[in-house]
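# Results of the structural survey
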Amino acid sequence: MTKLTVVIPAYNEEIAVASIIHLSSKYANEIIVIDDGSTDRTSEVAELAGATVLHHSTNLGKGAALKTAFNYACDYDILVTIDADGQHNPDEIPMLIKPILDNEADIVNGSRYLNGQDTETPTYRRVGQTVLDTATNVAANIKLTDTQSGFRAFSADSLAHFNLNSDDFSIESDMLIEASKNNLIIKEVEITVRYDVNTTRANPVVQGLTVLMRILEIMRFNRPLYFYGVGGGIVLFIGMLMWLSLSMSVWASDVHLLTISFFIMAIGVILIFSGIMTDTLNRFKN
């Protein structure tokens, strides 16, 4: 019989966490709540609801909470992660784990946008989501529609391939990049999401930029041709545009400005060649 655990990272979620535990318990052998340094009654409520509670003495971040859970839950066949704030529907767990049970996937990603039916995502979130989806897909060389989803299922074998360094929300992208690097099969299934709950206490702009910086850092090592090549191409284009504009203006005789434009173009060329060389070295190493 398949042993399944549901993992719920939680930070000050005393209001919603009990309902998530109760609804998830219908499908799981154990519910694990990681109390990530909460200052409210999250731990007490979770324990009364029947969950196993793992404690962080201070708030370390979602990534740190998930890593604690992954280390604890190593004896389970399937692990499901779900947010504690009530935005996900635990009754969709059977649908989420089905591709793993059918040996069709190692990891299943719950997606709000798989069939383009989610029209309730606030505009500012959707813009940020699109940027993070694009960056993650390029960094991981995959094509997923909702890379920041916190509702996922993992086979036990997939967890053994992870070497995760992220302690914050960038863990969502980090896991996908690690999975792709290790040739794990990732499948998406459509899920529903509620937006009438407070889904994060972090500033969404700061959170998004933090995740993006982490993705770019990983991309610099995993896909240097994209990281340096695209950046270098943009810099080269700016330099060429500047040089052409100067050549056709009254500033055409200004040696200093022309020198600056050539310098910008040179930086662009150097970045492009750096990407090509790093990518070639990575191919030889592999």
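This text follows the structure it describes.
Note that the structure is predicted; figures quoted are calculated from it, not measured.

## A closer look at the overall build of the protein
What the protein contains, in helices and strands, is 10 helices and 7 strands. Out of the 286 residues belonging to the protein, those deemed buried represent 48%. Relative to all contacts within the protein whose residues are 6 or more apart in sequence, the contacts with residues 24 or more apart total 71%. With the model as given, the accessible surface of the protein reaches about 14700 Å², and the carbon-plus-sulfur share is 59%.

## Some words on the nonpolar core
Among the nonpolar cores identified, the biggest contains 33 residues, and V6, I8, I21, V33, V80 and L96 are the most heavily contacted of them. Contributions of two or more residues to this core are made by β1 (4–10), α1 (17–24), β2 (30–36), α2 (42–48), β4 (78–81) and α4 (93–101). In terms of nonpolar packing, the next biggest core, distinct from the first, is built from 31 residues, V7, I34, F162 and I171 among them.

## Points about the environment of F162
Residue placement: F162 occurs in the loop between α6 (156–159) and α7 (171–181). For F162, a relative accessible area of 14% puts it in the buried group. As for F162 and E178, which are separated by 16 residues in sequence, their C-alpha atoms are 5.9 Å apart. Apart from residues lying up to four places away in sequence, F162 is in contact with F70, I107, F154, M175, E178, A179 and L184.

## Description of the packing of helix α3 (residues 62–72) against α7
At a minimum axis distance of 9 Å, the contact between α3 and α7 shows a crossing angle of 50°. Relative to α7, the element α3 lies oblique. Residues K62, G63, L66 and F70 of α3 touch α7, and the partners they reach there are I171, E172 and M175. Residues of the contact of α3 with α7, tallied by class, amount to 4 nonpolar, 1 polar and 2 charged.

## Things to note about the sheet that holds strand β3 (residues 52–56)
Taken in spatial order, the 7 strands make up an open sheet running β3-β2-β1-β4-β6-β5-β7, and their pairing is mixed. The sheet is open, and its two borders are formed by β3 and β7 (186–190), each paired with just one other strand. In this sheet, neighbouring strand axes are inclined to one another by 20° on average, regardless of whether the strands run parallel or antiparallel. In this sheet, β2 lies alongside β1 in parallel orientation, the contact comprising 6 bridges. When the sheet's bridge partners are listed, V7 is paired in β2 with I32. In the packing of α3 onto the sheet, contacts are made with β1, β2, β3, β4 and β6 (152–155), and the angle to β3 comes to roughly 130°.

## So, the packing of aromatic side chains
For the structure on display, the rule yields 3 aromatic pairs. The interplanar angle of 90° and the centroid separation of 6.0 Å between the aromatic rings of F154 and F162 together place this pair among those described as edge-to-face. Through pairs of rings, three or more aromatic residues link up here, namely F70, F154 and F162. Its end group placed over the ring of Y76, K3 keeps NZ or CZ at 5.1 Å from the ring centre.

Calculation criteria
- Residues numbered from 1 in each chain as written.
- Predicted model: local features only at pLDDT ≥ 70, side-chain atom pairs only at ≥ 80, totals over all residues.
- Heavy atoms only, no water.
- Helix = DSSP H or I, 4+ residues; strand = E, 2+ residues; numbered from the N terminus.
- Buried < 20%, exposed > 50% of the residue type's maximum accessible area, 1.4 Å probe, protein only.
- Contact = heavy atoms within 4.5 Å.
- Areas by Shrake-Rupley, 256 points an atom, 1.4 Å probe, with all protein chains shown as cover.
- Core = buried A, V, L, I, M, F, W, Y, C linked by side-chain atoms within 4.5 Å.
- Axes fitted to C-alpha atoms, helices over the stretch in contact; angles between N-to-C directions.
- Parallel < 35°, antiparallel > 145°, perpendicular 65-115°, else oblique.
- Nonpolar A, V, L, I, M, F, W, Y, C, P; charged D, E, K, R; others polar.
- Pairing = 2+ DSSP bridges.
- Phe/Tyr/Trp six-rings, centres within 6.5 Å; stacked < 30°, edge-to-face > 60°.
- Lys NZ or Arg CZ within 6 Å of the ring centre and 35° of its normal.

Everything listed here is a matter of coordinates, which is why it stays silent on function.
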